[in-house]
Amino acid sequence: MLDYNNIPVGLSMALAQNTGALEHFAKMTEAERHSVINKARCVQTKHEMQDLVAGLSDNF
């Protein structure tokens, strides 16, 4: 089960600003969400995080 307390803060903030991406994230399988979270942990800048989250809403 996904522990929402371990989601990177930057990912949470970026998802909060992009409702389409947030909706898509919520509908993902647990494995897909873990993959996104792991990618988010490697992000170095705010812009990279926004790009990662924008990619989620593009797929929605």
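Structural data are supplied above this passage.
Let me begin by describing the structure that accompanies this report. Quantities reported herein were computed from a predicted structural model and do not represent experimental measurements. (Residues numbered from 1 in each chain as written. Predicted model: local features only at pLDDT ≥ 70, side-chain atom pairs only at ≥ 80, totals over all residues. Heavy atoms only, no water.)

Comments concerning the overall build of the protein
Consideration 1: Broken down by element type, the protein carries 4 helices and 0 strands.
Consideration 2: Counting only C-alpha atoms, the protein reaches 30 × 25 × 15 Å along its principal axes.
Consideration 3: When burial is assessed residue by residue, the protein has 32% of its 60 residues classed as buried.
Consideration 4: Split by element, the accessible area of the protein, about 4100 Å² in all, is 53% carbon and sulfur.
Consideration 5: Distance between charge centroids for the protein: 2 Å, based on 5 positive and 7 negative side chains. (Helix = DSSP H or I, 4+ residues; strand = E, 2+ residues; numbered from the N terminus. Buried < 20%, exposed > 50% of the residue type's maximum accessible area, 1.4 Å probe, protein only. Areas by Shrake-Rupley, 256 points an atom, 1.4 Å probe, with all protein chains shown as cover. Lys, Arg positive; Asp, Glu negative; His and termini not counted. Charge placed at Lys NZ, Arg CZ, Asp CG, Glu CD.)

Some details on helix α3 (residues 30–41)
Consideration 1: If you check α3, its first and last C-alpha atoms are 17 Å apart, about what 12 residues at 1.5 Å a residue would give, namely 16 Å.
Consideration 2: Those residues of α3 not exposed but buried are Arg33, Val36, Ile37 and Ala40. Seen along its axis, α3 keeps its buried residues to an arc of 100 degrees; they face one direction.
Consideration 3: In the core, the buried residues of α3 are packed alongside α1 (9–16), α2 (19–27) and α4 (46–58). (Expected span 1.5 Å × (residues − 1). Arc of directions from axis to C-beta. Contact = heavy atoms within 4.5 Å.)

Let's talk about the environment of isoleucine 7
Consideration 1: Examined against the element boundaries, isoleucine 7 turns out to sit in the segment before α1.
Consideration 2: Using a relative accessible area of 12% as the deciding quantity, one classes isoleucine 7 as buried.
Consideration 3: Along the backbone, isoleucine 7 and alanine 40 are 33 residues apart, and their C-alpha atoms lie at a distance of 8.7 Å.
Consideration 4: Residue contacts for isoleucine 7: discarding those within four places in its chain leaves Ser12, Phe25 and Ile37.

Comments concerning the nonpolar core
Consideration 1: Leu11, Leu15, Phe25, Val36, Met49, Val53 and Leu56 are the most contacted members of the largest nonpolar core, which has 14 residues in total.
Consideration 2: The greatest single-element share of this core, amounting to 4 residues, is contributed by α4. (Core = buried A, V, L, I, M, F, W, Y, C linked by side-chain atoms within 4.5 Å.)

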